[in-house]
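# Tertiary structure, described
Here are the chains, one letter per residue:
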Amino acid sequence: MRKKFLWGLLVLLSGAFIWYLFLKPNDYQVTFKTKAIPGTINQTIKLWANGLDQAKLLHQTDLQHFSHRLEFNDSIYDYDWNVIPLNDSTSQVTVLVTDVENSLSNKIAIPFSETDFEKRTKRTLKDLMETLKEHSESFKVTVLGVDEIPSKYCAYVRLKSIQKEKALKMMENYPFLNSVLAKNNIRLDGPPFIQIEDWDMQTDSIAFNFCYPIIKSDTLPQINGVRYKLIQGQKAIKTVFNGNYIVSDRAWYTMIDYAKQNGLAIRKQPVEVFYSNPNMGGDEMNWKAEVFMPLKE
């Protein structure tokens, strides 16, 4: 009986040893909590990775599961990110890290000493956690519930970009749109806004209209690059965003989560109305935008 027990224990330990060295898909795991929702974490990690010397996104299953490859001098590490929301403001991030070229030697050494791989991974993730904290404190999103996007007639230009360059595209086209409307004596009817027509969440690319509300007239001039249309009023989730407009898309993810929690069917074509002029500077936390996510009818 004792022999059977010892043989069973040996087989169990041998299996665990083989799994750890040869089958375990990662070399090191870190888990931490942060005050941010999955969409914000996803975008912040991507921006953080883009700021590193050598980093690329390998794949993304969804907002909560994606991976990067980071290069540090002569080392190549794969980071697999798993983000689990804990409540409406906090998430748990689990990072599975693998040294692509030295996985086996790391697995052997880690239980007995703090390797260079382990030290570097800790430094890297500490930097990320500080970045997440700073970013989450740089803006505010307030959900107001279901409201209505107001009906507006507008002049607009059609643009394409990735999310983080949305504000840059607006700034590039602001002088043109502003000047041609003034030159042609077209009367404005409210603050500028954007209307997202297509949002690819896998690539973070968007196609959108940069719009100026105007008073409709029978004699609106034909201007190369400028179009006119009526934006119909529609039911939508409404939020107020305070912060730099570069990251106003954080409100989009907040509204997606709100819709899931409240059983609301949405169209992922957000509308952002801008009440502050970034060219005037000032405290970015005082910049205001109303951000809407349309409901399906």
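Predicted model, so just to flag it, every value in this text is computed and none were measured. (Residues numbered from 1 in each chain as written. Predicted model: local features only at pLDDT ≥ 70, side-chain atom pairs only at ≥ 80, totals over all residues. Heavy atoms only, no water.)

## Some points on the overall build of the chain
For clarity, the threshold we go by: Note on conventions: DSSP H or I runs of at least 4 residues are helices, E runs of at least 2 residues are strands, and numbering of each starts at the N terminus. Using a 1.4 Å probe on the protein chains alone, a residue whose accessible area is under 20% of its type maximum counts as buried, one over 50% counts as exposed, and one in between counts as partly exposed. Throughout, a contact is declared for two residues whenever any of their heavy atoms are within 4.5 Å. Surface exposure here means Shrake-Rupley accessible area, sampled with a 1.4 Å probe, where a residue is shielded only by the protein chains that are shown.
The helix and strand inventory of the chain stands at six helices and 13 strands. Burial statistics for the chain: of 297 residues in total, 45% are counted as buried. In the chain, 70% of the contacts between residues at least 6 apart in sequence involve partners at least 24 apart. Accessible surface, the chain as shown: approximately 16300 Å² in total, 53% of it carbon and sulfur.

## Points about the pairing of strand S3 (residues 65-72)
Spelled out, the test is: A pair of strands is treated as paired once DSSP finds two or more bridges between them.
Across six bridges, the pairing between strand S2 (residues 55-62) and S3 is antiparallel. When the bridges of S3 are listed, Gln 60 appears paired with Phe 66. Inspection of the sheet shows S3 paired to strand S4 (residues 75-85) by eight bridges, in the antiparallel sense. In the strand pairing of S4, Phe 66 is matched with Trp 81. Hairpin remark: S3 followed by S4, antiparallel, with two residues in the connecting loop; positive phi at Asn 73, about 55°.

## Describing the environment of Ala 207
With respect to the helices and strands, Ala 207 occurs in strand S9 (residues 205-213). C-alpha separation for the pair Ala 207 and Leu 159, spaced 48 residues apart in sequence, amounts to 5.8 Å. If sequence neighbours within four positions are ignored, Ala 207 has contacts with Leu 159, Lys 160, Gln 195, Ile 196, Glu 197 and Asp 198.

## Overview of the sheet that holds S4
Quick note on the threshold: Fitted lines through C-alpha atoms give the axes, limited to the stretch in contact for helices. The angle between two N-to-C directions lies from 0 to 180 degrees.
Overall, antiparallel pairing links the five strands, which are arranged S1-S5-S4-S3-S2 in an open sheet. Looking at which strands have only one partner, the edges of the open sheet turn out to be strand S1 (28-34) and S2. Put simply, the sheet's adjacent strands are angled 20° from each other on average, direction ignored. Bridge count between S4 and strand S5 (residues 91-99): nine bridges; the pairing is antiparallel. Paired with Tyr 79 across the strands is Val 97, a residue of S5. Of the strands in this sheet, S1, S2, S3, S4 and S5 touch helix H2 (residues 38-50), which is tilted by about 20° from S3.

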